[in-house]
Amino acid sequence: MKRSSLRWIIPTFLALQLGLLWIQGAQLHRQNQVLLGLREDIQALTESIENSQSPADYQDEGEAVPASFGPPAVPPKKVAVLGAEEEQEAAAKELKASRESADKAVKEAREAQSKLSIEENARKVEEARKIQAATSSWQGWVWGALGLVALALVGRSVIRRRA
């Protein structure tokens, strides 16, 4: 009688172990897919940050650079005609206004991009939660079924020993 119970217990435990290894492999595969997705997101984010920087962005940082490294100062030209000076002042004002509007547009674009990336990250986190909830729901059933199978096998062997 002792030999017949071992005949069923060993293959059953081997099958259970094989099932557990399969479940572990599925979990590792899912984790790998999540990590690959995160890697792609990080690469896309760094590329978008690198692409969004323009020469106008460096003007703010240019003030912190010592004058010896900056562009050489051009001495102002003296113009004999008063109308030309007024035109230059008007052009300088327009240039300044266009730079300010460009800076404002860049800031707004960055804010919009950060909001979009935050929303995208929130969506991905919610998706990951749904996947985790679905995975954990069926895992409970699998563990319960495996426990019942093991309990049935142990009960069967106890009954056979007594008989």
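A tally of helices and strands in the protein yields 3 helices and 0 strands. When the elements of the protein are put in sequence order from the N terminus, they spell out α-α-α. Each of the 163 residues in the protein was classed as buried or not, and the buried ones make up 6%.

On to the layout of surface pockets. Once rolled over the atoms, a probe with the size of a water molecule shows which space is left empty. Estimated volume of the largest pocket: approximately 660 Å³. What lines the largest pocket is a set of 23 residues, and nearest its centre among them are Gly 37, Leu 38, Asp 41, Asn 121 and Lys 124. Of all the secondary structure elements, the ones that give two or more residues to the lining of the largest pocket are helix H1 (2-52) and helix H3 (82-162). Here the lining of the largest pocket takes 12 residues from H1, the largest share from any one element. Here the lining of the largest pocket is built from residues that sort into 9 nonpolar, 8 polar and 6 charged.

So, on to a negative patch on the surface. Taken together, the side chains of Glu 85, Glu 86, Glu 87 and Glu 89 make up a negatively charged region of the molecular surface. For Glu 86, the location among the structural elements is in helix H3.

This part takes up the pattern of salt bridges. Inspection of the entire model under this criterion finds 5 salt bridges. With a shortest N-O distance of 2.3 Å, Glu 120 and Arg 123 are connected by a salt bridge. Pair noted here: Glu 120 and Arg 123 are both in helix H3, with a separation of 3 residues, about one helical turn. Owing to a relative accessible area of 31%, Glu 120 belongs among the partly exposed residues under this scheme. You can call Arg 123 partly exposed: its relative accessible area is 41%. For the salt bridge of Arg 129 with Glu 126, the shortest nitrogen-to-oxygen distance reads 3.3 Å. With Arg 129 and Glu 126 both in helix H3 and 3 residues apart, the pair spans about one turn of that helix. The class of Arg 129 is exposed, set by a relative accessible area of 53%. Overall, the relative accessible area of 35% leaves Glu 126 in the partly exposed class. Because the salt bridges share partners, they merge into one network encompassing Asp 41, Glu 120, Arg 123, Lys 124 and Glu 127.

A separate point is empty space enclosed by the protein. In this structure the tally under the stated criterion is 1 cavity of 30 Å³ or more. Secondary-structure elements contributing two or more residues to the lining of the largest cavity are H1 and H3. Examining the composition of the lining of the largest cavity, we find that 4 residues originate from one element, H3, more than from any other. Split into classes, the residues belonging to the lining of the largest cavity amount to 3 nonpolar, 2 polar and 2 charged.

For the protein, per-residue confidence averages 80 on the pLDDT scale, and 79% of positions sit at 70 or higher. Here helix H2 (residues 57-62) stands out as the least confident element of the protein, with mean pLDDT 49; H1 is the most confident, with 87.

On the surface, a cluster of nonpolar side chains totalling about 290 Å² of accessible area is made up of Leu 6, Ile 10 and Leu 14. Examined against the element boundaries, Ile 10 turns out to sit in helix H1.

So, on to the environment of Ser 4. Note that Ser 4 resides in helix H1. For the pair Ser 4 and Ser 157, spaced 153 residues apart in sequence, the C-alpha to C-alpha distance is 9.2 Å.

Definitions and cut-offs
- Residues numbered from 1 in each chain as written.
- Predicted model: local features only at pLDDT ≥ 70, side-chain atom pairs only at ≥ 80, totals over all residues.
- Heavy atoms only, no water.
- Helix = DSSP H or I, 4+ residues; strand = E, 2+ residues; numbered from the N terminus.
- Buried < 20%, exposed > 50% of the residue type's maximum accessible area, 1.4 Å probe, protein only.
- 1 Å grid on protein atoms, 1.4 Å probe; cavity = no way out; pocket = protein on both sides within 12 Å on 5 of 7 lines; lining within 4 Å.
- Points joined across faces, edges and corners; volume = space filled by probe spheres on them.
- Nonpolar A, V, L, I, M, F, W, Y, C, P; charged D, E, K, R; others polar.
- Patch = residues over 30% accessible without salt bridge, like charges linked within 9 Å, V, L, I, M, F, W, Y side chains within 5 Å.
- Areas by Shrake-Rupley, 256 points an atom, 1.4 Å probe, with all protein chains shown as cover.
- Salt bridge = Lys/Arg side-chain N within 4 Å of Asp/Glu carboxyl O.
- Lys, Arg positive; Asp, Glu negative; His and termini not counted.
- Charge placed at Lys NZ, Arg CZ, Asp CG, Glu CD.
- pLDDT = per-residue confidence, 0-100.

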